[in-house]
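# Breakdown of the fold
If you want the building blocks of each chain, they are given just below.
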Amino acid sequence: SVRALAAGGIAVIFISHRIKEVMEVSDRIVVLRDGSLVYEAAAAETSVAVLAEKMVGREVGTVEARSGENRSEETVLEVENLWVDMPGETVRNVSFSVRRGEIFGIGGLAGQGKLGIPNGIMGLFPAGGRVVFEGTEIPLGSPKKTLDAGFAFVSEDRRGVGLLLEEPLDWNIVFTAMQNRNEYLKPWLGGLVLWRDDKAIAAAAREYVTSLDIKCTGVKQRAQELSGGNQQKVCLAKAFAARPRLLFVSEPTRGIDVGAKKLVLDTLRMHNEKYGTTIVMVSSELEELKSVCDRVAIVDEGRIAGILPPTAKAAEFGLLMAGKAGKDENHA
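Residues numbered from 1 in each chain as written. Predicted model: local features only at pLDDT ≥ 70, side-chain atom pairs only at ≥ 80, totals over all residues. Heavy atoms only, no water.

### Focus on the overall build of the chain
Regarding its fold elements, the chain presents 12 helices and 14 strands. Out of the 332 residues in the chain, the part that is buried amounts to 48%. Across the chain, every contact between residues at least 6 apart in sequence was considered, and the portion connecting residues at least 24 apart equals 63%. Accessible surface computed for the chain: about 16100 Å², of which carbon and sulfur atoms make up 51%. (Helix = DSSP H or I, 4+ residues; strand = E, 2+ residues; numbered from the N terminus. Buried < 20%, exposed > 50% of the residue type's maximum accessible area, 1.4 Å probe, protein only. Contact = heavy atoms within 4.5 Å. Areas by Shrake-Rupley, 256 points an atom, 1.4 Å probe, with all protein chains shown as cover.)

Laid out in structure tokens, this is it:
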């Protein structure tokens, strides 16, 4: 055992996010977060609650309660026993439900399964289980069928999945709406042929460039020429233009500056409140989930460890992330 090795004079560095294991075998504990050492203490002088809070970060203060104007108690999405075969992600047996009009958050440590959930449901990786949307079961493994059902997905991999990098911004923004809803098209020859409505496309693109403050030379600039933050805004514009009934957003603020982060989060919240769009937001940033979501689920070892309100303390979320809380507790 680790203790036996230490007793034999061997120095051991034990790395784990399992707080109970760390407390049991360690003499001294350090906590790293975002690449920096944020806490150090003797094991006998700290506690599980303190370590949990240090792992997930500072408290963000009082979280404003959302009005709930667009929410109902009606379940719009049911996910049962979902598994996903996505490299680097552990999705073994995920079950949760989402209410109509809410922003439902999903967080957790890296590799525990949070990113695999939307990728599996949207058909980008092999998956199994059961997904029911508005009373109809959605077949897994078919991106087209999920899009036809009214889903949209802003991927964490915006360059690989989210954008047509060599195409102009206007084409990127309207592509999904055009492909799946026949929007931005005008009929020719009595409707026998549909042709691009370039004026409508340009007008829509300009609207989103303005509302999302996308920094560009114009709507004909190629997507690959934009900064990462502006590319992320284009991905959001593309999803909003499709007018989805359910929007999956994965790591919406990854790699962008503080000002752009606030705008992206404000836009998600505004779109939800204005149009009643149900949103499932997956993020590594607990503070961001707490700031915009109605409920936050934590994924641990490929399962939902618990679901908490955004007003819960950081330590409560940390315990779920660290596998300390029971798997079936705190399901709000």
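### Topic: the packing of aromatic side chains
The geometry of an aromatic ring pair is captured by the separation of the ring centres together with the interplanar angle, meaning the angle of the planes. According to the stated counting rule, one finds 4 aromatic pairs in the structure shown. Ring centres of Phe96 and Phe104 lie 5.3 Å apart, and the angle between their planes is 10°; this geometry places the pair in the stacked category. Considering the side-chain rings of Trp171 and Phe175, the 5.6 Å spacing of their centres and the 65° angle between planes classify their relative orientation as edge-to-face. On the criterion of helical spacing, the pair formed by Trp171 and Phe175 is a turn pair, its members being 4 residues apart in helix 7 (residues 169-181). Ring-pair connections join several aromatic residues into one group, and the members of that group are Phe133, Phe151 and Phe248. (Phe/Tyr/Trp six-rings, centres within 6.5 Å; stacked < 30°, edge-to-face > 60°.)

### Things to note about the confidence of the model for the chain
Regions with low pLDDT carry predicted coordinates that are not meant to be interpreted in detail. For the chain, per-residue confidence averages 85 on the pLDDT scale, and 88% of positions sit at 70 or higher. For residues 59-63, every residue scores under 50 in pLDDT, and the model assigns this stretch 9 contacts once sequence neighbours within four places are set aside. Below a pLDDT of 50 lies the segment residues 326-332, which in the model reaches 18 contacts outside its immediate sequence neighbourhood of four places, other chains included. (pLDDT = per-residue confidence, 0-100.)

### Quick look at a nonpolar patch on the surface
Together, Leu5, Ile10, Val12 and Phe14 give the surface a local cluster of nonpolar side chains, amounting to about 320 Å² of exposed area. Assignment of secondary structure puts Ile10 in the loop between helix 1 (2-7) and helix 2 (19-25). Judged by its relative accessible area of 45%, Ile10 is partly exposed. (Patch = residues over 30% accessible without salt bridge, like charges linked within 9 Å, V, L, I, M, F, W, Y side chains within 5 Å. Salt bridge = Lys/Arg side-chain N within 4 Å of Asp/Glu carboxyl O.)

### Re the nonpolar core
By size, the foremost hydrophobic cluster in this structure holds 48 residues, and its most contacted members are Ile173, Leu236, Leu247, Leu268 and Met281. Looking at which element gives the most residues to this core, the answer is helix 9 (residues 228-241), with 7 residues. The next biggest cluster of nonpolar side chains, apart from the first, holds 31 residues, and it includes Leu115, Ile121, Val280 and Ile304. (Core = buried A, V, L, I, M, F, W, Y, C linked by side-chain atoms within 4.5 Å.)

### What about the pairing of strand 11 (residues 246-250)?
Here strand 11 lies mainly inside the structure; 5 of its 5 residues are buried. By the alternation rule, side chains of strand 11 split into Leu246, Phe248 and Ser250 and Leu247 and Val249, which are all buried. Sheet topology note: the strand 8 (residues 151-154)/strand 11 ladder contains 4 bridges and is parallel. Across the sheet, Ala152 pairs through a bridge with Leu247, a residue of strand 11. Here strand 11 runs beside strand 12 (residues 278-282); their pairing, made up of 5 bridges, is parallel. If you follow Leu247 over to strand 12, its bridge partner there is Ile279. Regarding the hand of the β-α-β motif, the stretch spanning strand 11, helix 10 (residues 258-275) and strand 12 is right-handed. (Pairing = 2+ DSSP bridges. Right-handed = clockwise from strand over helix to strand, strands pointing away.)

### Description of the sheet that holds strand 14 (residues 303-308)
The strands that make up a sheet pair up through hydrogen bonds in the backbone, lying either parallel or antiparallel. Strands sit in the order 8-11-12-5-13-14 across an open sheet of 6 strands; the sheet is mixed. Edge positions in the sheet fall to strand 8 and strand 14, since each has one partner strand and no second. Strand-to-strand twist of the sheet, defined as the mean angle between neighbouring strand axes without regard to direction, takes the value 20°. On top of the sheet, helix 9 reaches strand 8 and strand 11; it is set at about 180° to strand 8, its chief contact. Of the strands in this sheet, strand 13 (295-300) and strand 14 touch helix 12 (residues 314-321), which is tilted by about 30° from strand 13. (Axes fitted to C-alpha atoms, helices over the stretch in contact; angles between N-to-C directions.)

### Brief notes about the side chain of Asn119
Within the secondary structure, Asn119 sits in helix 4 (residues 116-121). On the accessibility criterion, Asn119 (2% relative accessible area) is buried. Those residues in contact with Asn119 that lie beyond four places of it in its chain are Met86, Leu124, Phe125, Phe153 and Glu156.

### Quick look at the pattern of salt bridges
Scanning the entire structure with this criterion turns up 15 salt bridges. Where salt bridges share partners, they join Glu74, Arg100, Glu134 and Arg245 into one cluster.

### Re helix 12
Spacing of three or four residues puts side chains on the same side of an α-helix, whose turn is 3.6 residues. Among the 8 residues in helix 12, 6 count as buried, and that is most of the element. Buried within helix 12 we find Ala314, Ala315, Phe317, Gly318, Leu320 and Met321. Residue Gly323 follows helix 12 closely and has a positive phi angle near 75°.

### Digging into the sheet that holds strand 4 (residues 91-99)
The strand order 4-3-6-7 describes an open sheet built from 4 strands, whose pairing is antiparallel. For this open sheet the edge positions go to strand 4 and strand 7 (136-137), each flanked by a neighbour on one side alone. Judged from the 6 bridges that link them, strand 3 (residues 75-84) and strand 6 (residues 127-133) form a sheet pairing that is antiparallel. Within the sheet, the bridge partner assigned to Trp83 lies in strand 6 and is Gly128.

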